[in-house]
Amino acid sequence: MAGAFKGCQKIRGPQLRNLLEAKDFILLDCDGVLWHGEKAVTGAATVVNSLIRNGKKVVFVTNNCTRPREKYVHKFSRLGFTDVMLEQIFSSSYCSALYLRDVVKISGQVFVMGCEALRSELQEAGVPCVVEAEDPDATIYNCPLAPDVKAVLVGHDDKMTFLKLAKASCYLRDPDCLFLATDIDPWHPLSGGRILPGSGSLTAALEVSSGRKATVIGKPSRFMFECISSQFEGVDPAKCLMIGDRLETDMLFGANCRLDTMLTLTGVSQTKDAEEYRDSELTTNHSFVPDYIVDSIADFLPAFEEQDEQSN
Ligand SMILES: [Mg+2]
């Protein structure tokens, strides 16, 4: 179709090598790109190790807020990614802590509707959180509310209760209390066709009950890229490649930050989904379209093998 929006270029071999040569920073999503749960995508560890050894700045941008950064370092190492350091990991929980500490400079406490890892990431950054007393008889009619809550932060919470939702809704009655979400991922795939509701589903519940809209920290918001830019020298969007498996978060994040984007087909989104967005008449849908598509991160392997042959 003449004048059609471009994108979805299937890329491999020498083209892939040329693209890599033109980039200094490689931004990688984790779930669905590097691993599924505790199983690494075949070849992913070799690719990441080779990228790092070849002098690329590799950073990991993940909306998964269920693990503090040290635990990510352990996971990388456990799955064979041998050279990954703490400084390379940008999770939505870590970036939420940075936002509260450095951007907002929070003066009171944060009410967290999320898991323990999120709370510990805030504590690590010196951001105080409300500590809840265990009381099985507590209800929203009789429970105490902390007087100095200046932000409500929603993330993945597998111990979500109606009482937490009610408390968060009450805190948000104060217009000076900030409303933040680690991410708005709707759901995550599990094996056997099951799914796990994501932070976005809990955020949506609180948006309805509070009548307010959350500020999103994770992808597709630009803030994670600002965190990377503030912690590394010389981050030039033109020299960055964002690789992910989800069009609505990873590719949109890349588009929002003006990065070249690449979809891997080992996770949530598939080529037909990307092509539907590409062929859509709605131009806002074009932000979901990847510049490039590979079957898997393992498609990078030949690029390194050729490089190694050349250098021998
Ligand atoms: Mg993913």
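The structure displayed is predicted, hence computed values, not measured ones. (Residues numbered from 1 in each chain as written. Predicted model: local features only at pLDDT ≥ 70, side-chain atom pairs only at ≥ 80, totals over all residues.)

## Notes on the overall build of the chain
- Helix and strand counts for the chain stand at 11 helices and 15 strands.
- Taken against the 2.2 N^0.38 rule, which gives 20 Å for 312 residues, the C-alpha radius of gyration of the chain at 21 Å falls within 12% of a compact globule.
- When the backbone C-alpha atoms are referred to their principal axes, the chain occupies close to 70 × 45 × 40 Å. (Helix = DSSP H or I, 4+ residues; strand = E, 2+ residues; numbered from the N terminus. Rg over C-alpha atoms; globule rule 2.2 N^0.38 Å.)

## Things to note about the nonpolar core
- In terms of nonpolar packing, the biggest core is built from 86 residues, with Leu27, Leu34, Phe90 and Val152 touching the most fellow members.
- Tallying contributions element by element places helix H4 (residues 92-103) first for this core, with 6 residues.
- Setting aside residues up to four positions removed in sequence, Leu34 forms contacts with Leu28, Ala40, Val41, Ala44, Val48 and Ile297. (Core = buried A, V, L, I, M, F, W, Y, C linked by C-beta atoms within 7 Å. Buried ≥ 20, exposed ≤ 12 C-beta atoms within 10 Å, placed from the backbone. Contact = placed C-beta atoms within 7 Å.)

## A few points about the UniProt feature "binding site: Mg(2+)" (unreviewed entry) in the chain
- Here, the residues flagged by UniProt with the feature "binding site: Mg(2+)" (unreviewed entry) are Asp29, Asp31 and Asp245. On the basis of their most widely separated C-alpha atoms, the annotated residues across 217 residues gather in one place, lying no more than 8.1 Å apart.
- As for its placement among the helices and strands, Asp29 is situated in the loop between strand E2 (25-28) and strand E3 (35-36).
- Overall, the presence of 23 C-beta atoms within 10 Å leaves Asp29 in the buried class.
- Excluding residues within four positions of it along the chain, Asp29 makes contact with Val61, Thr62, Ile243, Gly244, Asp245 and Asp250.
- Turning to its location among the elements, Asp31 is positioned in the loop between E2 and E3.
- Beyond its immediate sequence surroundings of up to four residues, Asp31 is in contact with Thr62, Asn64, His188 and Gly267. (UniProt positions renumbered as here; feature names shortened; annotations may be inferred.)

## A look at the packing of H4 against helix H8 (residues 223-231)
- Here H4 crosses H8 at 80 degrees, and the two axes come no closer than 10 Å. Taken together, the axes of H4 and H8 lie roughly perpendicular to each other. Together, Cys95, Leu98 and Tyr99 of H4 and Phe223, Met224 and Cys227 of H8 make up the contact between the two elements. (Axes fitted to C-alpha atoms, helices over the stretch in contact; angles between N-to-C directions. Parallel < 35°, antiparallel > 145°, perpendicular 65-115°, else oblique.)

## Some details on the domain arrangement of the chain
- Here the chain is partitioned into domain 1 (9-63 + 220-311) and domain 2 (94-216).
- Centre-to-centre, using C-alpha coordinates, domain 1 lies 30 Å away from domain 2.
- Contacts between the two partners involve 8 residues from domain 1 and, on the opposite side, 8 residues from domain 2.
- With 3 residues, H8 is the single largest residue contributor to the side of domain 1 that touches domain 2.
- The residue makeup of the side of domain 1 that touches domain 2, split by class, is 4 nonpolar, 3 polar and 1 charged. (Domains from an automatic or database assignment. Nonpolar A, V, L, I, M, F, W, Y, C, P; charged D, E, K, R; others polar.)

## Focus on the environment of Ser210
- Secondary-structure assignment places Ser210 in helix H7 (residues 199-210).
- If sequence neighbours within four positions are ignored, Ser210 has contacts with Ser169, Leu172 and Phe179.

## Considering the UniProt feature "binding site: substrate" (unreviewed entry) in the chain
- The UniProt record marks His188 and Lys219 with the feature "binding site: substrate" (unreviewed entry), using the residue numbering of this structure.
- In this structure, His188 sits in strand E10 (residues 187-189).
- Those residues within four positions of His188 in sequence are excluded, and the remaining contacts are Asp31, Ile195, Leu196 and Gly198.
- Note on placement: Lys219 falls in the loop between strand E12 (215-216) and H8.
- Look at Lys219 and you get buried, because 32 C-beta atoms sit within 10 Å.
- Residue contacts for Lys219: discarding those within four places in its chain leaves Val61, Asn63, Asp183, Met224, Thr249, Asp250 and Phe253.

## A closer look at the sheet that holds strand E6 (residues 89-91)
- Read from one edge of the open sheet, 7 strands run E1-E15-E14-E13-E2-E5-E6, paired in parallel fashion. With one partner strand each, in any of the chains shown, strand E1 (9-10) and E6 form the two edges of the open sheet.
- Its contacts with the sheet put H4 on strand E5 (57-62) and E6, and the angle it makes with E6 is roughly 80 degrees. (Pairing = 2+ DSSP bridges.)

## Looking at the sheet that holds strand E8 (residues 149-154)
- What the 4 strands build is an open sheet, ordered E7-E8-E9-E12; its pairing is parallel. Strand pairing shows two members of the sheet lacking a second neighbour, strand E7 (109-113) and E12, which therefore form its edges.
- Of the pairings in the sheet, the one linking E8 to strand E9 (residues 178-181) comprises 4 bridges and is parallel in character. Looking across to E9, one finds that Val154 is bridged to Ala181.
- Against the sheet, H7 makes contact with E7, E8 and E9, and its axis sits at roughly 135 degrees relative to E8, the strand it touches most.

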